[in-house]
Amino acid sequence: MDQKKIDTLVQEALTNPDPDIQYMRAEELTNELTIFYGKPEQGMEDERNQKLINNCYGVFYQHLRSQYREVQGNAIRQFQRLAPLMRSQEVKYIGLELLKSSIDGVNEIRENYHICLQEIVEKIPSQVQSLDEVQEGILKKLGELKEAVKKLQVSKQIVHQEIQQKVEIQAELLKILSSIMSRWPKLYQKDFSDLLLDNITNSNELSIRKNSCVCLGYLGVCLNQQSLNNLIQSKILPFIKDLKFDQQNFTKILCLNQSLNYLAKSSGKFFDKLLVEQIFQRYFQTQNEQNKVDLDNINQYAEILEIQLLTINYILTNHHTRAFDLQLIDSITPLIDFDPLGVAAIEEENPYDDDYYPDEVSDSTWRVRRCTLYTFQELLKIQPQLYKLILSALFGPNQIIMRRINEKNAEIKLSIIQFLISLVQASAITKEDISTMEVEQLSLIKQRSIPASISLIELVEQLLDKIQSIFQDNQEQQSLKSESTKLLLAIGQYFYTQIQTSNSCFIQIINIVKQSIIGSPINYSNEQKLASILTMKTILNITEPAEFQIPILQQMVLILLEAVNQKYIRIQVEGYNTLETIIWVFKKNFDEKIFQSSLNQIKQNLIIKIQIDNLDQEVKSSLFQLASALFKNFGSIFTNTEIEQLAQISLTRLQIEALTTNIINLVQYFKNLNDPKPLIQNIANQLQRNDKAQTFITLIHLIKNNKIDQKLAADILSKFKSITTENYDLQLQTLQVLIKFTGIKLPEQLIRESVRIGLQQSKIKPEIEDFFNLINQPQIIESEILKQLGKEELYSAGQIYCSILKNIPGSISNLYFSIVTNRQLKLSTLRFLHKYQNHQKALEILCQLIKDNQDSDLAAIVIGSAVSDFQQIQKLIDQNPNQYQFYQALKEFTEIKQIANPINVAKYILEQVNGKDKTIATICGDILGGFLKQSYQSLEQLIFESLKNPSQSIRYTCIQSLKYTHQWSQKAQILLEMLQNEKDLQILTGIIKALTQNIQHIYLNNFIQYLKYCLRRYEEKELNFGNFVEKRDDAKDLRSLSFDLLELFLDKQNIELNIILDEVFEKFIEDKYDETRIPRLRIVMKIVKKDPQAVVSHVAILAKIFEPILKTLQQNLQKSDQNLDKEIEKIRLIVNIMQGMKQSSTDADKFLKDNVTQKIHDFIRQ
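Residues numbered from 1 in each chain as written. Predicted model: local features only at pLDDT ≥ 70, side-chain atom pairs only at ≥ 80, totals over all residues. Heavy atoms only, no water.

As recorded by an unreviewed UniProt entry, the chain carries the name TATA-binding protein interacting (TIP20) domain-containing protein and is attributed to Paramecium sonneborni.

Pasting the structure below:
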C-alpha cells in the first residue's frame, strides 16, 4: 500500500471540516483497501500494511459519530462494502471497538455501531473465525445488563426510560449473538444456557425471548451429550409438563417449548433414547388434554400443540423415533380435522353474524392442521414404506384428506396438495396395495372402518378429479393451481403404469390437458399448460397397449397440434417433444394403418412449421427431432416431392443455422434424391469442422441410399485428412461403404493409418472386419502390422491379418508351414482364421509348440479354435493332465463354440482339477463360470455339492466360477458358513471376491459374525534373506478384501454400527499395512457421516491410530522416490473423520485437537 497516499487521505478525512471532503476521502480509502484485498498475501510487507489498514477502519469508525448524517451513512456503507473482504486481523480489531460503542455509545449514534457490527458478522467470509472475543464480550455484557435491569426494576425511582434502553441493547446484542452462532456454532465452547433460559422465561421483550431461543438451539450443537440431556431434562421439560393459560405462565411455557424446538432443530438427530421417549410422551399428553381446554384458551393451546408437533418433526431423523412411528400416525391423523372453533367448516357458511362468534382472523388453530400435514410429509420422506398405512388412514369412506381440501383456509389447501405430492412419490417406491395385517396395527383405522385395501388406481382417480376441479375454479389462488400442476406431474411420473391400464384415468388426463390448452389464459397459466403436456408425455411410456388407448392417442395428437400453436416457447417445444414420443408409441405398440390420419396431420404441421425462418432455435431443434423420428419409424408416409422439399430446407439450414447436429440426424433418412451432391458435400464438409459420430452415420446412409459418382466420392474422400482414434469404427465404416458403392481406391496413407489405429483397439468390431479385405492391399497392411506390432496389439493384429487372408485359399497352410517366422502374429491370426479354413496337421504343430515352450499360451488358444469337438481337447488333456495350456485351450473352445451338454463337461473338469495347482484351478473355474452364466439351473446342484469336496482345488474352482453370475445369491448362506470353517487362504479370498461382486443381490442377517474370521485372520511370518529379515503377512490381502466387502455391506444395509466399529478397531494399531488401514478408515468416515455419536466413544482409540499413521507419513516424506498417493489418501480420510467428529461432539473435537491436529499441521508443513 502507498503509505504516503493513505496517510494523506486519513488526515484529510479526520481533520477537514468540510463534510463533502470527509465523504469523498472515505470512499477513496475504501477503494484503496479493495485493491489491496484483491492482491495475494505479501508476507512481511502485509504485516507492515496492517497499521495502515487499521487507520483506514479507524476513519470509518470515527465517521460513525460525525455530526453530519450523510457522513455517518457513508461510513456505514463503507463497512458494508468491505465486510466480505475483511480478514481476521481487521475483524478482531474493529469488532471489539464496534461492540464497545454499540453498548456504551451515545444513544443517538449507538445504532450506527450496532448496524456495522451486524453487517460484519453476517458478511465476513466464513473461514474468518475471529469473533470469539466479540462473542465473549457480548455474553459478559448480557449478564451485566440483566443484573442492571433487575436492580432498576426493584428500585423506587422512575427509571422506565433507562430500563427500556438497556432492554433494547440486550435485544440488539442477542441478535448479533444469534448471527454469530448461526455461522460459527462451535466458536465459543462454554455453556451459557442459564443466561439464555433466564431470558426466555423472565424477559417481557419478544425479540429477547426469540433470539435467546435461537441461541440456545445453536448452543445445543456445542454441548456434549450429558450436558445436552441435563439441559433438556432438568431445565426445560419439568417446566412445560402442565398446561397453564394465565398470561405469565403461558408465556413461560410457550417460550420453553420454543427453546426445545430450536434444540431439536439443531441437535435432535443425536438425542438419546430416553430423551426421545420423554418428548413423545409429553406430546401425546398435550394432545390428549384437548378436551380439558376451554374455547377461550383454544388458540393458546393450538400454539403449544403446533410447537410440540414441530419439535417431533425435527427429531424424526433420529433412529430412536422409529418405535413411535405407528403411534404417531394414529395420534395425528385426527388433527387434520382439528377445528375446535368451527370457523373452517368445510363448504358451510358461518350461521352467525354477531361479533361474538370467532372468525378466521382470530383463529390460529389452522396452524395445527398445517403442521400435521408437514409431519406426514416428513414421515414419508424418512420412512416412505409407511405410505401404505398413511394412505389407509387418510383415504377411504371418510375421505378426511380430500374433504379438508375444500376448506376455507388457503394455506391448508396448499399444504394438502404438497402432502399429496409427497404421498405419490412415496407410493411409487413399492407400488403395493395395503395389507390387512398392516392396517390392523392402527386402532384409528379400525375405528373408522376404513377398508383394509385401497388400490393405487382409486387414489389416482381421486387425485385427478381434485386437480381438474382446482384448475376449473376461477376463484382458486394461483399458488394452489401451481402446486396442483406439480401434483399432476408427480402422478404422471410415478403412476404411468396404472394410468395406461385404466380407461377412466387415461381419459381424465386427456380432459385436463385439453382444458388447459384450449382454456383461457386468465384461468389457465402457461405453467399449467406446460405441466399438462409434460404429464401427458410421462404417461406415454406404454408397456401394455390396449384397444381403448387408440381413440385417446388420436385425440392426444389433435391436442398437441393445438398446443404447438401457443405463443409460449416452452409449450411449443414440449408439444413437439411429446409428439415425438407419441410416434415411438405408435411404432412400438400399434399398426401403422390405425394412425395413418394422425401421422399425416403431424407431417403436414411439420412441413409448414419447418419452413418458418423466425422460429425460436429451441423450437426448430424439436421440429428437426420430430422429423427424424417420423422418417425413422414411418418414412413411407413421405412422398418424393416432400422429401426433396425437406432436403432443400435442410441444405439451406445447414448453411445458416447452428442446429447442424439435429439437421444431420434428419438427412440420413433421405433416399433417391434427384441431386444428392450439394447435400452430401455439405455433410462431408462438416468432417473438417467436427468429428462427431452422427456426421459419419449420416454420410454412410446417404452414400448407401443415393447415387454417388466417382467425382463426388473423391470429394468425400478428400475430407478424410487422417484416421483418428475417436470414432475409429465409424470412420472405417464410412470408407468401407464408399469403396463398396463407388469402387474408389484409398491412398496408402489412409490405409496405413487405419491399420495403425486399428492395432490400438482392444479388438476389431465385426462390422469393419471386411474393410481390410475390401481395400485389397495385403502387402501394405502386412508391412504396417509388422512395423507396429507389439504384445498388446496381437489380438487386433490377428483380426486384421485374418480379414485379408480368409478369402484366399490355402492361407492357413502357408501360415503353418512358415510358423517359425513372425510366430506370434501368425498364431494370433490362426486363432481367427480357423473359423474359415482348416489344416490337417494343425493340432500336431500346435502341440509341438507347447511341448517346446514356444509361445505356448498363444498356441493353446489356437487349439481351442482349431478343434471341432470336445472329445479332441479331452484327449489332449488326458494325455497331458498337468499341462495348464490344454485347459486354456478348453476355455477358448467353450467361449467360441456352443456346448450341447455343459454338465458333462463340468463333471469332467471337476474330476481333472482334483489335486492340480492354482493356475489350472483358476482356468477351470473360469470355464465353469461361463457355463453358469448360460445354464445355471442345470449346474447349481453340482457346484454346491462340490463345495463340500475335501479337495482344495475342487472347492477353489467352484468358488472361482461363482464370480460370473449372481443367480446363486439365495444360497449365499453356504458361502458364509464356509468362511468360518475354511482354512485355505486362496479359497477364502475367492469367497470374499464372489460375495463382493454380487453384494447387491445378497440379503443376510448376522453378516459380520460370519465375516469376522476373515477380518481377524493373520498369517505373519519372517523370511530370512541373510543380510536382512522381512516380515510378511499372507492374510493381508484377505483382510483388505474383507474390509472392502464390509464397507459395501454398510452402504447397502442398516447394520448396528457399534458391531462394525468393534471389527474396524480390532488390532487397527498393529495392522500396519496400507491395504487394510485405508479401507478401515473409509468405514470410519462413512459411520461418522451416518451417526457421529457412534464413534465418539472410540475417540481415544482413533487418536492412537492416527499417531502411527502420521509417523509413517513423515518417514515416507523423507524418501525422495516414495509414491505419496496412499499417504495423501490417509490424510484426507483422517481430516474428514475429524471434521465429522467436530460437528457432532465438543469433547471428541477437543480431544482430537489436543492429540492429533498439531501432528497433522506438522505433516502439512513438511
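The discussion continues.
Enquirer: So, the overall build of the chain: which residues are in play, and what are the values?
Expert: Helices and strands together make up the secondary structure of the chain, namely 59 helices and two strands. For the chain, the share of sequence-separated contacts (at least 6 apart) that also reach a separation of at least 24 residues comes to 75%. Counting every atom, the chain has about 53,700 Å² of accessible surface; 47% of that belongs to carbon and sulfur. With 131 positive and 140 negative side-chain charges, the chain shows a separation of 5 Å between the mean positions of the two kinds. (Helix = DSSP H or I, 4+ residues; strand = E, 2+ residues; numbered from the N terminus. Contact = heavy atoms within 4.5 Å. Areas by Shrake-Rupley, 256 points an atom, 1.4 Å probe, with all protein chains shown as cover. Lys, Arg positive; Asp, Glu negative; His and termini not counted. Charge placed at Lys NZ, Arg CZ, Asp CG, Glu CD.)

Enquirer: Lay out the pattern of salt bridges with the relevant residues and their values.
Expert: A complete count under the given rule lists 51 salt bridges for this structure. Among the ionic pairs, K146 bridges to D198, the shortest N-O distance being 3.7 Å. In this pair, K146 sits in helix α7 (residues 132-154) while D198 sits in helix α9 (residues 193-202), placing the two residues 52 residues apart along the sequence. Both residues of the pair, K146 and D198, count as buried. Via salt bridges that share partners, D1044, E1047, D1051, R1082 and K1086 belong to a single interconnected network. (Salt bridge = Lys/Arg side-chain N within 4 Å of Asp/Glu carboxyl O. Buried < 20%, exposed > 50% of the residue type's maximum accessible area, 1.4 Å probe, protein only.)

Enquirer: Quick rundown of the packing of aromatic side chains? Include the residues and the values.
Expert: Inspection of the entire model under this criterion finds 22 aromatic pairs. A ring pair is formed by F36 and Y37, whose centres lie 6.1 Å apart and whose planes are at 55°; its orientation type is tilted. Taken as a pair, F36 and Y37 share a single burial class, namely buried. Between F280 and F284 the ring centres are 5.9 Å apart and the planes differ by 40°, which places this aromatic pair in the tilted class. Within this pair, F280 and its partner F284 are both found in helix α13 (residues 273-288), separated by four residues, close to a single helical turn. Residue class for F284 comes out buried when judged on its relative accessible area of 9%. Ring-pair connections join several aromatic residues into one group, and the members of that group are F280, Y283, F284 and F324. Over the face of the ring belonging to F634 we find K587, whose NZ or CZ atom lies 5.7 Å from the ring centre. Here the guanidinium or amino end of K971 rests over the ring plane of F944, the centre of that ring lying 5.2 Å away. (Phe/Tyr/Trp six-rings, centres within 6.5 Å; stacked < 30°, edge-to-face > 60°. Lys NZ or Arg CZ within 6 Å of the ring centre and 35° of its normal.)

Enquirer: An account of helix α10 (residues 206-222) is requested, with residue identities and associated values reported.
Expert: Across its 17 residues, α10 extends 25 Å between first and last C-alpha, which sits within 8% of the 24 Å expected from 1.5 Å per residue. Of all 17 residues making up α10, 13 are buried, and the element is well covered by its neighbours. (Expected span 1.5 Å × (residues − 1).)

Enquirer: So what about the confidence of the model for the chain? Which residues, and what values?
Expert: Residues at a pLDDT of 70 or more form 90% of the chain, whose mean pLDDT is 84. Counted against residues more than four places away or in other chains, residues 348-360, with its pLDDT under 50, gives 13 contacts. The low-confidence segment residues 431-453, where pLDDT is below 50, has 53 contacts with residues more than four positions distant or belonging to other chains. (pLDDT = per-residue confidence, 0-100.)

Enquirer: Explain unusual backbone geometry to me, using residue names and the numbers behind them.
Expert: Unusually for a residue other than glycine, N776 sits at a positive phi of about 55°. You will see that N853, though not glycine, has its phi angle at about 55°, which is positive. Here N853 is to be found in the loop between α43 (842-851) and α44 (856-866). Take N853: its relative accessible area is 58%, and that puts it in the exposed class.

Enquirer: Let's hear about helix α36 (residues 728-742): which residues, and what values?
Expert: For α36, which comprises 15 residues, the first-to-last C-alpha distance of 21 Å matches the rise-based estimate of 21 Å (1.5 Å per residue) to within 8%. Of all the 15 residues making up α36, twelve are buried; the element is thus mostly covered by neighbouring parts of the structure. Three or more residues of α36 are buried, namely Y728, D729, L730, Q731, L732, T734, L735, Q736, V737, L738, I739 and T742. Against the buried residues of α36 lie α34 (693-705), α35 (710-718), α37 (748-759) and α38 (769-774).

Enquirer: Kindly report on the packing of helix α39 (residues 778-788) against helix α40 (residues 794-805), identifying the contributing residues and their values.
Expert: α40 packs onto α39 with a crossing angle of 165° between their chain directions and a minimal axis gap of 10 Å. In terms of axis orientation, α39 runs roughly antiparallel to α40. Handedness of the α39/α40 crossing: left-handed. In this structure, α39 contributes P778, I781, E782 and I785 to the contact, and α40 contributes A797, I800, Y801 and I804. (Axes fitted to C-alpha atoms, helices over the stretch in contact; angles between N-to-C directions. Parallel < 35°, antiparallel > 145°, perpendicular 65-115°, else oblique. Left-handed = near helix turned anticlockwise from the far one by under 90°.)

Enquirer: Pulling in residues and values, what's your account of the environment of A797?
Expert: As for its position among the elements, A797 is in helix α40. When the C-alpha atoms of A797 and S828 are compared, they prove to be 7.3 Å apart, with 31 residues separating the residues in sequence. If we ignore the near neighbours within four places in the chain, the residues touching A797 are L759, I785, L789 and L825.

Enquirer: So what about the side chain of R370? Which residues, and what values?
Expert: Assignment of secondary structure puts R370 in helix α16 (residues 366-382). Here R370 is in contact with E306, E411, I412 and S415, once residues within four sequence places are set aside.

Enquirer: Which residues make up the pairing of strand β1 (residues 1020-1024), and what values go with them?
Expert: Within β1, only zero of the five residues are buried, leaving the element largely exposed. For β1 and strand β2 (residues 1029-1033), the ladder comprises five bridges, and the chain directions are antiparallel. The residue of β2 that forms the bridge with L1023 is E1030. (Pairing = 2+ DSSP bridges.)

Enquirer: Mind laying out the side chain of N633, listing which residues take part and the relevant values?
Expert: Of note, N633 is situated in helix α30 (residues 617-634). Taking the relative accessible area as the measure of exposure, N633 reaches 8% and is therefore buried. Each residue touching N633, except ones within four places of it in the same chain, is listed here: I583, W584 and K587.

Enquirer: Describe in detail the packing of α13 against helix α15 (residues 325-332), supporting the description with residues and values.
Expert: For the pair α13 and α15, the least separation of the axes is 11 Å and the interaxial angle reads 20°. Put simply, α13 runs roughly parallel to α15. As α13 runs across α15, the sense of the crossing is left-handed. Each of F280, Y283, F284 and Q287 in α13 lies in contact with α15, whose residues at this interface are Q327, L328, S331 and I332. Here the contact of α13 with α15 is composed, by residue class, of five nonpolar, three polar and no charged. (Nonpolar A, V, L, I, M, F, W, Y, C, P; charged D, E, K, R; others polar.)

Enquirer: Give a description of the environment of K763 that names residues and reports values.
Expert: Here K763 shows up in the loop between α37 and α38. Assessed through its relative accessible area of 51%, K763 is described here as exposed. Between the alpha carbons of K763 and D715 there is a distance of 31 Å; along the sequence they are 48 residues apart. Discounting residues that sit within four places of it in the chain, K763 has contacts with Y795 and Q799.

Enquirer: Lay out the environment of V585 in plain terms, naming residues and giving numbers.
Expert: Structurally, V585 is set in helix α28 (residues 569-589). You can call V585 buried: its relative accessible area is 5%. Measuring from C-alpha to C-alpha, the distance between V585 and Q385 comes to 33 Å, with 200 residues separating the pair along the chain. Leaving out residues up to four positions away in the same chain, V585 has contacts with L540, I542, L553 and F590.

Enquirer: Requested: an account of the state of the cysteines, with residues and values cited.
Expert: Across all of its chains, the model carries zero disulfides by this definition. C958 supplies the cysteine sulfur nearest to C1014, a cysteine that is in no disulfide, at a spacing of 18 Å. According to the relative accessible area criterion, C1014 is buried, its value standing at 0%. (Disulfide = S-S within 2.5 Å.)

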